[in-house]
Amino acid sequence: MTAQLNPRGDVAVLVPAAGAGVRLGPGRPKALRLLGGEPLLVHAVRRLAAAPSVHTIVVAAPAAEVEAVRDLLAPVAPVTVVPGGAERQASVAAALAAVPAGPEIVLVHDAARALTPPELVESVAAAVRAGHDAVIPVLPVVDTIKEVGADEVVLGTVDRSALRAVQTPQGFRRAVLTAAHAAAGDPLTDDAGLVEKQGVPVSCVPGSEYALKVTRPFDLALAEHLLATGA
């Protein structure tokens, strides 16, 4: 049954899903790789649609797959699908341009973070709603981090207490994200990075272990396990 989005919601979610995912190995675009028999994108959209504040979801799909992605997602949720660009930033910009009037909170979410819980979507949106211009979910860095030179010799140990691993969805006031993309020069893979370059403070909220990014075959195997155990 198709999940109905909230017509009174104040959140639009952009899902750039046009990447090839070469580190995952040969095959279809990464967002369309299977996890538990369904594409990563289907899992991601299903969880986004379950977040009560979400009014609109816009997916930027590979240009050659727009109709196929539209058909794929039709049974999941009412989603707008647009052609993505060659770079992630172009895909986000294309999706942002397709957001209708209304939602003033915009989240950007990686389809590869297919098991992200709806509660994290709501947490990020709530922080923007509370007055923050830009919000990212983060986890503490648990590994020891070394700075290494070109000759693979350790230069020093980085203090990890001030480091965080960044996840998505990243949340923004709509006007802030629009201005950041309008002023973008070199393409970045992180929308918070675009906003930072405009001098806008970026705040953090606790992330989720389930919001892992499927990048390599090992990540896909871990996500399969989590899905099988009820994620």
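Because the structure is a prediction, the values reported are computed rather than measured.

Once that is clear, we can look at the overall build of the protein chain. When you go through the protein chain residue by residue, the secondary structure sums to 7 helices and 12 strands. In terms of overall dimensions, the protein chain is globule-like: its C-alpha atoms have a radius of gyration of 17 Å, near the 17 Å expected for 231 residues. Expressed along its principal axes, the backbone C-alpha trace of the protein chain runs to roughly 55 × 40 × 35 Å. Buried residues in the protein chain amount to 47% of all 231 residues. Counted over contacts in the protein chain with a minimum sequence separation of 6, partners at least 24 positions apart contribute 70%. Total accessible area on the protein chain stands at roughly 11000 Å², and carbon and sulfur atoms take up 57% of it. Counting 19 positive and 23 negative side-chain charges, the protein chain places the centres of these two groups 3 Å from one another.

The feature "site: Positions MEP for the nucleophilic attack" (unreviewed entry), as given by UniProt, occupies Arg-160 and Lys-213 in the numbering adopted here. Within the secondary structure, Arg-160 is located in the loop between β9 (154-158) and β10 (164-166). Excluding residues within four positions of it along the chain, Arg-160 makes contact with Val-141, Val-142, Asp-143 and Thr-144. Note on placement: Lys-213 falls in the loop between β12 (203-206) and α7 (217-228). On the basis of relative accessibility, which here comes to 32%, the residue Lys-213 falls in the partly exposed class. In this structure Lys-213 touches Lys-30, Asp-110, Ala-112, Arg-113 and Asp-219, once residues within four positions along its chain are discounted.

In this structure, the second largest pocket occupies an estimated 430 Å³ of space. Along its surface, the second largest pocket is lined by 14 residues, and Leu-139, Pro-140, Ala-165, Gln-167 and Glu-209 are the ones closest to its centre. Among the secondary structure elements, those contributing two or more residues to the lining of the second largest pocket are β7 (134-140) and β10.

Further remarks concern the UniProt feature "site: Transition state stabilizer" (unreviewed entry) in the protein chain. Residues annotated by UniProt as "site: Transition state stabilizer" (unreviewed entry) correspond here to Arg-23 and Lys-30. Relative to the elements of secondary structure, Lys-30 occurs in the loop between β1 (11-16) and β2 (34-35).

Below, the discussion takes up the environment of Val-154. By the secondary structure assignment, Val-154 is in strand β9. If sequence neighbours within four positions are ignored, Val-154 has contacts with Lys-146, Glu-147 and Val-148.

About the criteria used
- Residues numbered from 1 in each chain as written.
- Predicted model: local features only at pLDDT ≥ 70, side-chain atom pairs only at ≥ 80, totals over all residues.
- Heavy atoms only, no water.
- Helix = DSSP H or I, 4+ residues; strand = E, 2+ residues; numbered from the N terminus.
- Rg over C-alpha atoms; globule rule 2.2 N^0.38 Å.
- Buried < 20%, exposed > 50% of the residue type's maximum accessible area, 1.4 Å probe, protein only.
- Contact = heavy atoms within 4.5 Å.
- Areas by Shrake-Rupley, 256 points an atom, 1.4 Å probe, with all protein chains shown as cover.
- Lys, Arg positive; Asp, Glu negative; His and termini not counted.
- Charge placed at Lys NZ, Arg CZ, Asp CG, Glu CD.
- UniProt positions renumbered as here; feature names shortened; annotations may be inferred.
- 1 Å grid on protein atoms, 1.4 Å probe; cavity = no way out; pocket = protein on both sides within 12 Å on 5 of 7 lines; lining within 4 Å.
- Points joined across faces, edges and corners; volume = space filled by probe spheres on them.

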